[in-house]
Amino acid sequence: MKIRCAWEHNGDDTLLYAVNCPGAYARGASREQAVEKLPEELRSYWWWSGEACPETFEIEVVQEKASALQIADADSDIIFDGERMPLAEEEYRRLKCLALKSAEDFHALYCSVPDKDMSCLPERRTFYGPVPRTAREMYEHTKNVNSYYFGEIGVDADNEGTIFQCRRRGFELLERRGGFLDAPAAVGSYDELWSVGKVLRRFLWHDRIHAKAMYRMAVKTFGRCAVKNPFFFSDCRGTTK
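Residues numbered from 1 in each chain as written. Predicted model: local features only at pLDDT ≥ 70, side-chain atom pairs only at ≥ 80, totals over all residues. Heavy atoms only, no water.

Engineer: Could you clarify how one ought to interpret the side chain of serine 76 in this entry?
Structural biologist: For serine 76, the location among the structural elements is in the loop between strand 4 (58–66) and helix 2 (89–112). A polar side-chain atom of serine 76 sits 3.0 Å from a polar atom in the side chain of tyrosine 17. When residues no more than four places from it in sequence are discounted, the contact partners of serine 76 are Glu8, Leu15, Tyr17, Leu69, Glu192, Arg202 and Trp205. (Helix = DSSP H or I, 4+ residues; strand = E, 2+ residues; numbered from the N terminus. Polar contact = N/O pair within 3.5 Å; in protein donor to acceptor, adjacent residues only side chain to side chain. Contact = heavy atoms within 4.5 Å.)

In structure tokens:
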């Protein structure tokens with residue numbers, strides 16, 4: 001099986017996305033490091049999504065984007081070549097189901113953290129401000145991109161309720177618009193191109209970034225037996241749950 005990948009980078013900093021596994025990614029100081037990390041990420045993704053893990057697969061980079069963004073902080077504005085095209089209804093339904101499952105699992109992970117405001121992580125800042133440290137900060141940050149992502153494709157969504165509730169309402173609003181699957185990619189905020197396909201993939205990707213961070217923080221703070229791992233991530237000691 002060939003895993004087609006898009007490579008976004010700023011100098012040596014790399015984000016490597018699995019195009020045919022939307023949301024799966026690896027980050028590294030170099031392309032080579034990201035390629036080394038990707039197989040474990042793919043296995044975790046397949047287990048989580050319920051798809052069968054192929055016995056063998058080959059990683060192939062099919063798209064490259066040099067970026068001026070802070071790739072090391074997981075900032076991204078890439079749109080995959082396929083995300084510029086109309087989205088088939090069957091594929092939309094599949095990705096929507098995954099995006100809602102991801103929201104449910106993210107909420108379950110958050111609820112399992114014993115103390116939502118406790119963290120052993122040191123304070124850290126990036127160009128964009130302080131990095132979320134606690135489970136509550138990570139959850140609120142991840143939930144609150146809902147209105148932003150949907151807004152980039154013209155849907156007036158909100159961030160009220162749980163991450164699952166506000167995401168589901170956003171899809172309901174999107175589906176009331178005629179021809180939404182055929183809408184072309186359009187320029188949104190910061191001159192970034194957006195489409196329905198990109199929004200679906202960004203939800204999955206953004207959830208995975210912050211679910212990994214929350215799970216690893218919780219393992220370090222409370223111990224790995226104290227928190228659920230619905231995404232099948234490897235913990236900070238390398239043991240796959």
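Further notes follow.
Engineer: Just to check I follow, could you spell out the packing of aromatic side chains for this structure?
Structural biologist: Two aromatic rings, taken as a pair, are described by how far apart their centres are and by the angle between their planes. This model, assessed by the stated rule, comprises 18 aromatic pairs. A centroid spacing of 5.9 Å and a plane angle of 55° characterise the contact between tyrosine 45 and tryptophan 48, whose relative ring orientation is tilted. Taken together, the positions of tyrosine 45 and tryptophan 48, both in helix 1 (residues 31–49) and three residues apart, correspond to about one turn of that helix. Residue classification places tyrosine 45 among the buried residues on the basis of a relative accessible area of 1%. Consider the rings of tyrosine 148 and tyrosine 149, whose centres lie 5.6 Å apart with planes at 50°: the pair is tilted. On the basis of relative accessibility, which here comes to 2%, the residue tyrosine 149 falls in the buried class. The side chain of arginine 31 reaches across the aromatic face of tryptophan 7, ending 4.9 Å from its centre. The residue whose ring lies beneath lysine 198 is tryptophan 194, and the NZ or CZ to ring-centre distance is 4.6 Å. (Phe/Tyr/Trp six-rings, centres within 6.5 Å; stacked < 30°, edge-to-face > 60°. Buried < 20%, exposed > 50% of the residue type's maximum accessible area, 1.4 Å probe, protein only. Lys NZ or Arg CZ within 6 Å of the ring centre and 35° of its normal.)

Engineer: Help me out: how do you make sense of the pattern of salt bridges in this one?
Structural biologist: Close approach of charged atoms lets side chains of opposite charge pair. Going through the model one piece at a time under the given rule, you end up with 18 salt bridges. Close ionic contact of lysine 65 with aspartate 77 constitutes a salt bridge, the shortest N to O distance being 2.9 Å. Pair noted here: lysine 65 is in strand 4 and aspartate 77 is in the loop between strand 4 and helix 2, with a separation of twelve residues, a long-range link. Overall, lysine 65 belongs to the partly exposed group, its relative accessible area being 25%. As a salt-bridge pair, glutamate 89 and arginine 93 come within 3.6 Å of each other at their nearest N and O atoms. Here arginine 93 and glutamate 89 lie together in helix 2, a separation of four residues that amounts to about one turn. Glutamate 89 sits in the partly exposed class, given a relative accessible area of 48%. (Salt bridge = Lys/Arg side-chain N within 4 Å of Asp/Glu carboxyl O.)

Scope: geometric values only; no functional claims are made or implied.
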